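Next come the chains, spelled out residue by residue.
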Amino acid sequence: MRHWSRIIGATAAVVAVSLPVLASAETLTIALGTNVNTLDPHMSASVGTDLSVLSHIYPSLVIRGPDLKLQPAVAKSWKQVDDLTWRFTLVDNASFANGEKVDAEAVKWNLDRVRDPKVNARIKAWFDLVKDVKVVSPTEIEVTTSAPYPAFADQLSMFFLLPPQWAASHKPATETLSGGRYELAENVPGDHITLKANPKWWGEKPAFDTVIFRNIPESASRVAALLAGEVDLITSIPLTEVKRIKDSGNATAGSVPSTRSLFIKFNTQKPPFDNKVFRQALNYAVDKQGITEAIFDGAADVSQCQVLSPNYFGFNPDLKPYPYDPAKAQQLLKSSGVDLSQPIALDVPTGVYLQGTEVAQVVADQLTQVGLNLKISEMDFSTYMNKYLRSRELAPMSVLAQAWPTIDADGLLTLFAPGNQYAYWDNAAFGKLLEQGRSTTDKAARQGFYTKATALMCEEAPALFLYVQPATYGTSKRVSWAARGDDWVRAFDLKPVQ
């Protein structure tokens, strides 16, 4: 770690802090790091922003609690009738603000809408296996899939229901009609969204009458707002700021393990990353434990040679990280036959991953030490994602962190499956194991397939596995938060401190 002091350096300067301006306990203010892009829940997969906000406005069949377990919502119970059939029993008192019932017909309409090619829903792929939706009664619905879909109920925790009659004459992308705990009171794009408690909400009364989501992109500004008493919850802040918040006496802060793993993704469709030995060499060349200690004060866990973290179904506890061994790395680089003098681009999206730029600098420095000619290219996240998914011109190496809110291997590992637009890796054996994993509802059998799939992925090294990103947060002293590591930011996970 001899070069790290010149790379990491000091972080934020001390911010002058005034005494907290305490709002009433009935108003909660949450800071978001990025904009809310749409109000249509079928047109976004962004859990930490769009879907978090919309989860207050629209109901879902099931919901994932802070303990990461599924809880009833519109569906008071659910079960698998057989490998291809799910049955949901609904509450009988749910309705939207205009009086439309949140019943089986409404659920069917939403599932039909999201699968309609004409709608081109952003989340259509989540429901490609849904073959038929049958209304059994106003409070019972049956979903048939074309193949086993063991994680279907988990996927529904991200699926929110629009009112069918209202949607026929309105624009869900820019308008809302509440069927959830809150209704939209004000939307100032890029600045804030204000929600008011829905007086027609059919569930338990919310703890806060008003919830304000403020857009504060810079982490230093989020910290300053918390310490000034302007916001009650912030997330995605550097570990150094966690300590400073605690020491201030004005607020509290901490971190929990997240479901998101950060790695350096390799574009195996471009030389020299079509060379397995070369990819393995890079995994030996980086001191992953050193990164977690120096940058994250030990709060980040080194990835166990996989993109799954321990809270995922399908996690392989038998895998071990590639050890830090620069000599081994240089030996493999030599045997790979790759010309190390050629420049290799490392794309780094800015402002999206916790201290991602610092991590990229350390990784680049250590890869340079074993002989690579690395060039860092920083860009905003939208530009990065356009290269990744739209133009399909992902750099040979790029900093990427991925998670899947079902917390199931079938979701996250599929991002590396042959033919998937996210993959940039084409391994037929890996794809076959994923197909076998989703072909049965037997948990032991599924675990067996995912154990083999993760072992294969570790060996083939389509990525430089780094660490599980910590979920950092800060809260005002007037609220308590059930901290969670799966990106959801919800007012109903907070309570006023009496």
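Residues numbered from 1 in each chain as written. Predicted model: local features only at pLDDT ≥ 70, side-chain atom pairs only at ≥ 80, totals over all residues. Heavy atoms only, no water.

(A) Seen up close, unusual backbone geometry. The omega angle of the peptide bond from P271 to P272 is 0°, so this bond is cis rather than trans. Relative to the assigned elements, P272 resides in the loop between β12 (251-266) and α8 (276-285). One non-glycine residue, N120, adopts positive backbone phi at about 55°. Here N120 lies in the loop between α3 (104-115) and β6 (130-137). Relative accessible area serves as the criterion here: at 58%, N120 is assigned to the exposed category. With a phi close to 55°, D297 is a non-glycine residue in the positive phi region. Among the secondary structure elements, D297 is positioned in the loop between α9 (288-296) and β13 (301-302). Residue D297 is classed as exposed on the basis of its relative accessible area, which comes to 66%. (Helix = DSSP H or I, 4+ residues; strand = E, 2+ residues; numbered from the N terminus. Buried < 20%, exposed > 50% of the residue type's maximum accessible area, 1.4 Å probe, protein only.)

(B) Just α8, in detail. Across the 10 residues that make up α8, a large majority, eight, are buried. For α8, the N-terminal capping position is held by N275, with its side-chain oxygen 3.1 Å away from the main-chain nitrogen of V277. (Polar contact = N/O pair within 3.5 Å; in protein donor to acceptor, adjacent residues only side chain to side chain.)

(C) Representation of the nonpolar core within the structure. Counting 152 residues, the largest nonpolar core has F127, L282, I291, M397, L413 and L466 as its most contacted members. The residues contacting F127, other than those within four sequence positions of it, are L111, V114, R115, F152, L156 and F159. (Core = buried A, V, L, I, M, F, W, Y, C linked by side-chain atoms within 4.5 Å. Contact = heavy atoms within 4.5 Å.)

(D) Expanded view of the confidence of the model for the protein chain. When pLDDT is averaged along the protein chain, the result is 92, and 95% of the positions lie at 70 or above. Counted against residues more than four places away or in other chains, residues 1-24, with its pLDDT under 50, gives 43 contacts. (pLDDT = per-residue confidence, 0-100.)

(E) Structural detail: the packing of aromatic side chains. Per the stated rule, a full pass over the model turns up 22 aromatic pairs. Between Y353 and F381 the ring centres are 6.3 Å apart and the planes differ by 80°, which places this aromatic pair in the edge-to-face class. Taken together, the residues span a long stretch of sequence, with Y353 in the loop between β14 (343-350) and α11 (356-369) and F381 in helix α12 (residues 381-390) at a distance of 28 residues. Judged by its relative accessible area of 11%, Y353 is buried. Here F381 falls in the partly exposed class, since its relative accessible area comes to 32%. Grouping aromatic residues by their ring pairs yields a cluster made of W86, F88, W126, F127, Y149, F152 and F159. Cation over ring: R181 sits above F492, and NZ or CZ is 3.9 Å from the ring centre. Taking the ring centre of Y284 as reference, the NZ or CZ of K328 above it sits at 5.9 Å. (Phe/Tyr/Trp six-rings, centres within 6.5 Å; stacked < 30°, edge-to-face > 60°. Lys NZ or Arg CZ within 6 Å of the ring centre and 35° of its normal.)

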